[in-house]
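# Understanding the architecture of this molecule
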Amino acid sequence: MFIRYLRLCLVLSSLSIFTAQLDAQNHEFSGISRFSLINTNADKSFLNEGTDIVRHDRNGFSLTQAALAIESDWGNGISSEITTFFHDDGDLSLGLSEVFIKYKPLQRAKKKWQLRLGSFYPELSFENNHTAWLSSDTYQFSAINAWVAEEMRINGVELSYSQNGRSIRSPYSWDIRGGLFKGNDTFGSYLTWRGFAVHDRQTLFNETVRFAPYPEVLNRQTIWSPNDVQPFREIDGRWGVYIGAHLAYLRRAELRYYFYDNRADPDKLTPERYYAWHTIFHSLSLNYQLTESTNLKMQLMDGSTLMGYRVVYADFSAAHIQVKTQISNRIKLTARAETFDVFENDNMPLDNNHSNGVSMTVNSQYEIDEHKSVGLEYSFVKNYAYNRPSLSLSPKAVVRQWQLTLELRF
Amino acid sequence: MSSSLTSVNSAALQKGKKHLYIAKTKRVDVSELISLLCAVLICLYLFVLSFFSSSALANEQMQIKVLVTSSENLPLASMIVEVETTQTNKQSAARKSVAVMDQIDQQFFPHILVVEKGQAVSFPNSDDIKHHVYSFSPTKTFEQQLYKGKSADPILFEQPGIVELGCNIHDWMQGFIYVAKGGQYAITNEDGVANINIDGELTRIHVWHPLMQEETKRLSANISALSKVGDTYKIVLSKPMIKSLSDYERLNIDVY
């Protein structure tokens, strides 16, 4: 742990020297850190090779988030974004979560296009609306976006074509987009072997994420694969694709639909026996401003993942609904309920991939000033994972977690 | 007034001569001296008064009222009314100040800003995110990056006309700057009335709002073609206004 923080200090000093050299006019720095006191009854987190689907399994202090985002303008409509994280848990302490270039020239036309190139999150959801892809309303992500945070990144290109309704005096705006990518071939392995989880840990580039040493995964007679995942690895050389469509009514409501297919060849595997997983899903998200102070967010996801000749095949689905109300200028209250399910239908019943669960999160935050806020969050997560008995554990796990957090940002 | 002024001066002079004679004979009459001083002060006062009253007459301003109504004869608020007169359109003192078009909650505020030709406008960014304001309008074509927490140089609007603003990051953002020729303009109140101070004789009235659908961008009328109700000129739009899409904004843009 000491080495991690020493490395952080070194990087911060180098960064401050580097940033001092930059022309500050063209670069915008946004930083965020969350210092949390955790109280949990979790047994052992998946990050520590346990089976509980939460990030924290110890009571006490934790630096739950520390991120720096740099947005730079390079002129002629070209800009770039880099997001760096420091984590005090998991495999990598320092690393990048997103790096991309955006090209959106000034356009006289009512219909405008935009290009993104690099490694980034697709805009599936309305949940992760804060600096460094965090959520401003809850500390723990929903199960859908916790999975996206740990296993998904678009390493490629995205082209979008949009028209804002206001330019043609219409209340409706639309945006269609499509992407081509590589380096997301193991996408699905976490979901089938561990199941959905509820946490706020974003995987960094070149990071390896671990899960419990399930015998049927490690055993040479069954799956014979490591009990970890390298999420942004290219295995089969194929391009993946996705398409998305956004439809908005004024600034009051917006609907987003995405279809994703990584087009991975499920028969391909690396010498270290990391498999390619052919994963597809549909995602539908809604953001609706019910009243001036109350906002509703929903997301549904439904898909499937396949590895080998139906060695592992599972359908998965998840949904959440979240209501946020601004009680006063400084106080907001958010409640989220969700359900998630992974249902296997493959040729290897010994490797049981059934899991399902529900979760409830309540968060209240007090805005001290524009740079500080303090919040209290309660999470209740109950899930069944039917491969736990292979580790002599009950399939059922219930985690209750309290989190008192001070957020600092600039 | 001039004759009485002359007579007062003559009396003072007479008294002055007497006073001088007395001074020569070294017989100082204090009451005479005070009278002389009073007379001189009165003369000076009358002179100054007559000077300022004549210059005030030369600069006399008149206030006119313009009522703008819809094609259904309903009063229209927030309409920009600019007038032309026989005198050169004078610039007001406001021209030297820097006008402000802010970015608040991802919208331009105010939604419509009226400035005078030659006036500068600053674009502060009150949001905690970046904006990229631009205009393709022939009146003023420009772009400016607005970083959070940093100030940008004000932009000078040299030509009269209409400038439509957008943001290259937030496509729903829309704002307008109306650049008037001079200081003879006003915005209609809730009763649809604009009160404008003018110099010289009124010749022409222009009305503009982004939601107007007239044949030309601005509705312009010669004063001879306008009806007058009491002391109020009346302008009626020929076509209904477009429905406002102010719901794109979270702050009230109808009041500014």
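Refer to the preceding data block for the structure.
Now for a quick tour of the structure.

## Focus: the overall build of chain A
Of regular secondary structure, chain A possesses four helices and 18 strands. Relative to its length of 410 residues, chain A is compact, with a C-alpha radius of gyration of 21 Å against a globular reference of 22 Å. Dimensions along the principal axes, computed over C-alpha positions, put chain A at roughly 60 × 45 × 45 Å. Relative to its 410 residues, chain A shows a buried fraction of 55%. The long-range share in chain A, meaning contacts at least 24 apart out of those at least 6 apart in sequence, stands at 63%.

## Examining the interface of chain B and chain A
If you look at the interface, chain B gives 28 residues, while chain A gives 28 residues. A buried area of about 2,700 Å², summed over both sides, lies between chain B and chain A, and 44% of it is on carbon and sulfur atoms. Sorting the residues of chain B by area buried against chain A places B:Phe136, B:Tyr147 and B:Tyr248 first, and these three jointly supply 27% of that buried surface. On inspection of chain B and its partner chain A, the count reaches two salt bridges. Counting every contact that joins chain B to chain A gives 13 residue pairs in polar contact (both at pLDDT 80 or more). Elements supplying a minimum of two residues to the side of chain B that touches chain A: strand 8 (131-135) and strand 9 (142-146) of chain B. Of the residues in the side of chain B that touches chain A, the class split is 12 nonpolar, seven polar and nine charged.

## Quick look at helix 2 (residues 143-151) of chain A
Residue and element names in this part refer to chain A. Across the nine residues of helix 2, nine count as buried, placing the element largely inside the fold. Within helix 2, the full set of buried residues consists of Ala143, Ile144, Asn145, Ala146, Trp147, Val148, Ala149, Glu150 and Glu151. Buried residues in helix 2 make contact with helix 3 (189-193), strand 9 (228-229), strand 12 (277-289), strand 13 (294-307), strand 14 (312-326) and strand 15 (331-344).

## Examining the packing of aromatic side chains
All names here are of chain A. Scanning the entire structure with this criterion turns up 32 aromatic pairs over all chains. Ring geometry for Tyr121 versus Trp133: centroids 3.8 Å apart, planes at 10 degrees, classification stacked. Highlighted residues: Tyr121 in the loop between strand 5 (111-120) and helix 2 and Trp133 in the loop between strand 5 and helix 2, separated in sequence by 12 residues. We classify Trp133 as buried; its relative accessible area is 11%. The interplanar angle of 50 degrees and the centroid separation of 6.0 Å between the aromatic rings of Tyr190 and Phe211 together place this pair among those described as tilted. Linking Tyr190 in helix 3 with Phe211 in the loop between strand 8 (209-210) and helix 4 (215-218), this pair joins segments that are 21 residues apart in sequence. By relative accessible area, Phe211 is classed as buried at 0%. The aromatic ring of Phe100 is capped on one face by Arg116, whose charged end is 5.1 Å from the ring centroid. One residue, Arg310, lies across the ring of Tyr313, its end atom 4.1 Å from the ring centre.

## A word on the sheet that holds strand 16 (residues 219-222) of chain B
All names here are of chain B. Pairing within the open sheet is antiparallel, and its four strands lie in the order 13-2-15-16. Two strands lie at the open edges of the sheet, namely strand 13 (185-187) and strand 16, each paired on one side alone. The average undirected angle you get between the axes of adjacent strands in this sheet is 20 degrees. Pairing between strand 2 (residues 80-85) and strand 13: three bridges, direction antiparallel. In the sheet register, Ile80 faces strand 13, and the bridge partner there is Ile187.

## Remarks on the nonpolar core
Core analysis: the largest hydrophobic core is formed by 57 residues, its most contacted members being A:Trp147, A:Met152, A:Trp193, A:Phe196, A:Tyr260, A:Phe281 and A:Phe316. Those elements that provide at least two residues to this core are helix 2, helix 3, strand 11 (253-261), strand 12, strand 13, strand 14 and strand 15 of chain A. If we ignore the near neighbours within four places in the chain, the residues touching A:Phe196 are A:Ile53, A:Ala143, A:Ile144, A:Trp147, A:Leu191, A:Phe316, A:Ser317, A:Ala318, A:Phe340, A:Asp341 and A:Val342. Residues B:Val68, B:Val83, B:Ala194 and B:Leu219 belong to the second largest nonpolar core, which totals 22 residues.

## Quick notes on a nonpolar patch on the surface
All names here are of chain A. A cluster of nonpolar residues, Phe35, Leu37, Phe61, Tyr366, Ile368, Leu376, Trp402, Leu404, Leu406 and Leu408, forms a patch on the protein surface that exposes about 880 Å² of accessible area. For the nonpolar patch, the elements supplying multiple residues, two or more each, are strand 1 (27-40), strand 16 (355-369) and strand 18 (396-409). Here the element with the most residues in the nonpolar patch is strand 18; it accounts for four residues. Its relative accessible area of 39% is what places Leu376 among the partly exposed residues.

## Examining the pattern of salt bridges
What the rule picks out here adds up to 29 salt bridges over all chains. The partner of B:Arg218 in a salt bridge is B:Glu82, with the nearest N and O atoms 3.3 Å apart. Linking B:Arg218 in the loop between strand 15 (202-208) and strand 16 with B:Glu82 in strand 2, this pair joins segments that are 136 residues apart in sequence. For B:Arg218, a relative accessible area of 26% gives the class partly exposed. Salt bridges linked by common partners bring A:Arg55, A:Asp89, A:Asp200, A:Arg201 and A:Glu207 together as one network.

## Description of the pairing of strand 2 (residues 60-75) of chain A
Residue and element names in this part refer to chain A. For strand 1 and strand 2, the ladder comprises 12 bridges, and the chain directions are antiparallel. Each residue of the ladder has a partner; that of Arg34, found in strand 2, is Gln65. In this sheet, strand 3 (residues 78-86) lies alongside strand 2 in antiparallel orientation, the contact comprising eight bridges. The partner of Glu71 across the bridge, within strand 3, is Glu81. Here strand 2 folds back onto strand 3 in antiparallel fashion, the turn holding two residues, of which Asn76 has a positive phi close to 55 degrees.

The rules behind these values
Residues numbered from 1 in each chain as written. Chains lettered and ligands numbered in written order. Predicted model: local features only at pLDDT ≥ 70, side-chain atom pairs only at ≥ 80, totals over all residues. Heavy atoms only, no water. Helix = DSSP H or I, 4+ residues; strand = E, 2+ residues; numbered from the N terminus. Rg over C-alpha atoms; globule rule 2.2 N^0.38 Å. Buried < 20%, exposed > 50% of the residue type's maximum accessible area, 1.4 Å probe, protein only. Contact = heavy atoms within 4.5 Å. Buried area = accessible area lost by both parts, 1.4 Å probe. Salt bridge = Lys/Arg side-chain N within 4 Å of Asp/Glu carboxyl O. Polar contact = N/O pair within 3.5 Å; in protein donor to acceptor, adjacent residues only side chain to side chain. Nonpolar A, V, L, I, M, F, W, Y, C, P; charged D, E, K, R; others polar. Phe/Tyr/Trp six-rings, centres within 6.5 Å; stacked < 30°, edge-to-face > 60°. Lys NZ or Arg CZ within 6 Å of the ring centre and 35° of its normal. Pairing = 2+ DSSP bridges. Axes fitted to C-alpha atoms, helices over the stretch in contact; angles between N-to-C directions. Core = buried A, V, L, I, M, F, W, Y, C linked by side-chain atoms within 4.5 Å. Patch = residues over 30% accessible without salt bridge, like charges linked within 9 Å, V, L, I, M, F, W, Y side chains within 5 Å. Areas by Shrake-Rupley, 256 points an atom, 1.4 Å probe, with all protein chains shown as cover.

Any functional reading would require information that these geometric values do not contain.
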